[in-house]
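Structural overview for review
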Amino acid sequence: MPYTPFIIDEPEEMVFRLNRSTLTDPEILDRERQKIFDACWIYCGHESELSEPGDFVTRNVCGRPVIFCKNSAGEIRIFLNSCRHRSAMVCREARGNTKRYNCFYHGWSYNQDGDLVGVPGEDSYPPNFDKSNFPLAPAPRIDSYRGFWFISFDIKICGLEEYLAGATEYIDLVNDQSPSAKMQVIEGTQEYDIRANWKLLVENSFDDYHLLTTHKTWLDYMKDSGVDITPPEGKGLLLPSKGIGKGLGNGHAVIDNINFRGRPVARWISIYGEAAKAEIATIRAELVNRLGEQRAARVADTNRNLVIFPNLVINDGSSVTIRTFWPVSVDHMKVIAWALGPKEENETARARRLDSFLTFYGPGGFATPDDVEALEAVQIGLATWRETQWSEMTRGLNKKGEQLNTDEEHLRAFWRQWNSLMTVE
Amino acid sequence: MNKQTVFRSRIEDFLYHEATLLDEWRLDEWLELLTEDVIYEVPSTDAPNSEAKSALFLIADDATRIRARVKRLNDTQAHAEFPRSRTRRLITNVQITDRTTNELLVTANFTVYRYRRNSSLRQYVGRYFYKLRLVDEQLRICERRAILDPTELGMLGAVSFIL
């Protein structure tokens with residue numbers, strides 16, 4: 001087969017094209033598992049999901065079952081969820097607290113630190129059998145930033161903070177919403193599949209170009225609720241334009257907008273109701289007092305959709321959502337999404353945050369189902385990739401400097417990194 | 001109300017009528033079955049017994065939001081439901097679990113089959129929890145909670161129609 005590039009990237013010629021085979025070819029997915037997922041820092045879980053020694057959450061990360069847990073000293077550990085005897089999962093519950101991880105198959109058991117502590121009929125093993133050689137295997141590398149815990153299956157990868165590059169600034173903006181800089185994953189997980197290539201959700205998660213057409217009914221709902229949806233104009237805006245899109249290094253990228261859709265921390269809109277005005281003002285005052293006027297405005301008056309390469313999205317809009325997703329096959333992904341809120345948030349503010357989440361996000365929201373429909377329509381259309389091989393991705397390419405959120409510079413940033421990793425021998 | 005006046009058969013007739021309206025996308029008529037203080041909720045699949053004020057749900061609508069949802073679904077720009085899904089609801093195991101002076105708590109099992117072009121059959125299975133109220137001798141819905149049995153939505157994808 002003659003070699004065809006994944007992307008054609010010639011900025012001087014105002015050309016950026018994506019080869020549609022990157023979204024349809026199973027061999028490319030096999031290569032992604034090796035060159036992308038096993039070579040990057042990959043999100044596993046948030047510290048707030050665990051509190052006591054022995055607390056655990058089981059997940060699937062890069063195709064491996066893992067246990068995200070606290071050891072006997074209360075430190076976060078991530079073990080591969082696989083018995084060292086015959087490889088059965090040692091923990092089959094979604095979450096809980098345990099003194100022991102027991103493999104029910106032959107009865108091997110491990111303590112909270114992953115040490116093998118029980119082997120039925122141990123005396124039948126030869127004398128060189130030593131339980132200390134068979135602890136639960138730890139994930140090769142783990143590291144955290146502001147409570148977000150990541151795994152890497154590449155032992156030689158750089159540290160997480162270096163990897164996150166410019167994305168740390170945007171994670172900080174999320175964390176600054178909490179007086180103690182502690183955010184919390186809220187109970188209730190949205191887990192749903194999309195019959196589309198996983199990279200289409202990367203693009204969709206921070207593509208503002210589609211807002212007016214895909215989400216017309218959501219915009220109508222906002223208008224009907226008395227929300228002014230015209231983008232802010234004029235002088236003194238927080239951001240240098242109506243909204244920007246930019247790469248943050250290492251394939252991470254963001255769109256950064258002036259808020260119009262309301263923010264639980266802390267900008268009131270009519271949907272919250274008159275009664276909420278006073279509390280939003282109090283939350284705002286705390287923010288200003290702690291961070292100063294300028295930083296408080298940065299936190300409270302902007303929406304940010306952040307993609308951390310390759311498969312973590314933190315969208316800080318009408319609520320905060322963490323979203324990660326996994327390829328099942330080239331045209332099928334699994335999505336897991338959570339809501340994130342300040343740990344100290346009181347009952348009414350938390351209820352407002354959750355309500356605000358559901359107006360837009362999630363499988364029952366007024367917007368996400370239409371995104372899912374769009375991605376599935378793309379994937380079906382991609383069956384024509386041999387006849388229509390290239391996707392145009394040049395919006396904003398003729399502009400010097402700042403790029404709009406409705407341009408595609410941030411999409412190109414993702415794809416350039418993807419291309420550079422995929423073309424390493 | 002006279003406690004003896006509402007028998008299970010009347011509840012069943014009411015739920016079957018509701019199912020017909022929803023399957024036939026007669027959503028404006030369906031709205032007339034709801035009280036002004038109605039809530040409609042679908043919890044996340046891993047937190048089926050939680051409360052919408054403290055846990056992330058899939059859907060947690062009050063009367064205003066339900067009307068907005070119906071307005072959206074009546075719009076051909078609600079792309080997830082245009083063309084509309086074809087649905088068929090089977091409602092069974094109807095039980096009256098409690099009564100107060102003018103309200104009844106009712107549970108029922110459901111299977112909602114959803115067909116769409118370019119998509120395989122999706123089966124939504126679970127249990128309804130209703131609070132029904134007699135208003136001018138007519139049954140009306142003041143709480144409607146649909147609890148899904150699957151541990152994750154998975155291949156069900158979205159809950160873009162009225163479940």
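Residues numbered from 1 in each chain as written. Chains lettered and ligands numbered in written order. Predicted model: local features only at pLDDT ≥ 70, side-chain atom pairs only at ≥ 80, totals over all residues.

Residue and element names in this part refer to chain A. Running from amino to carboxyl end, helix α1 (residues 26–37) crosses helix α11 (residues 409–422) at an angle of 100°, the nearest separation of the two axes being 9 Å. Put simply, α1 runs roughly perpendicular to α11. For the pair formed by α1 and α11, the contact residues are Arg31, Glu32, Lys35 and Ile36 on the first element and Trp418, Leu421 and Met422 on the second. (Axes fitted to C-alpha atoms, helices over the stretch in contact; angles between N-to-C directions. Helix = DSSP H or I, 4+ residues; strand = E, 2+ residues; numbered from the N terminus. Parallel < 35°, antiparallel > 145°, perpendicular 65-115°, else oblique. Contact = placed C-beta atoms within 7 Å.)

Let's shift gears to helix α8 (residues 293–300) of chain A. Residue and element names in this part refer to chain A. Listing the buried residues of α8 in full gives Ala296, Val299 and Ala300. Looking straight down α8, one finds that the buried residues subtend no more than 85° of arc, so they occupy a single side. Buried residues belonging to α8 abut α3 (167–175) and α7 (277–291). (Buried ≥ 20, exposed ≤ 12 C-beta atoms within 10 Å, placed from the backbone. Arc of directions from axis to C-beta.)

Turning next to the interface of chain A and chain B. Contacts between chain A and chain B engage 33 residues on the former and 31 residues on the latter. Counting only elements with at least two residues in the side of chain A that touches chain B, the list comes to β14 (190–194), α6 (216–224), α9 (347–360) and α10 (368–381) of chain A. The dominant element in the side of chain A that touches chain B, judged by the number of residues it contributes, is α9 of chain A, at seven residues. Split into classes, the residues belonging to the side of chain A that touches chain B amount to 16 nonpolar, seven polar and ten charged. (Nonpolar A, V, L, I, M, F, W, Y, C, P; charged D, E, K, R; others polar.)

Residues and elements named next belong to chain A. Along strand β3 (residues 42–46), five of the five residues are buried, which leaves the element largely enclosed by surrounding structure. Of the pairings in the sheet, the one linking β3 to strand β12 (residues 148–152) comprises four bridges and is antiparallel in character. By the bridge assignment, Ile42 is partnered in β12 with Ile151. (Pairing = 2+ DSSP bridges.)

Glancing now at the pairing of strand β16 (residues 252–258) of chain A. All names here are of chain A. Summarising burial for β16: six of the seven residues are buried, a large majority. In this structure, strand β15 (residues 243–249) lies alongside β16, joined through six bridges in antiparallel fashion. In the sheet register, Gly243 faces β16, and the bridge partner there is Asn257. Connecting β15 to the next strand, β16, in antiparallel fashion are two residues, including Asn250 with a positive phi near 55°. Two strands pair when backbone bridges link them, and β16 and strand β17 (residues 302–308) are joined in this way by six bridges, in the antiparallel orientation. Within the sheet, the bridge partner assigned to Asn257 lies in β17 and is Asn303.

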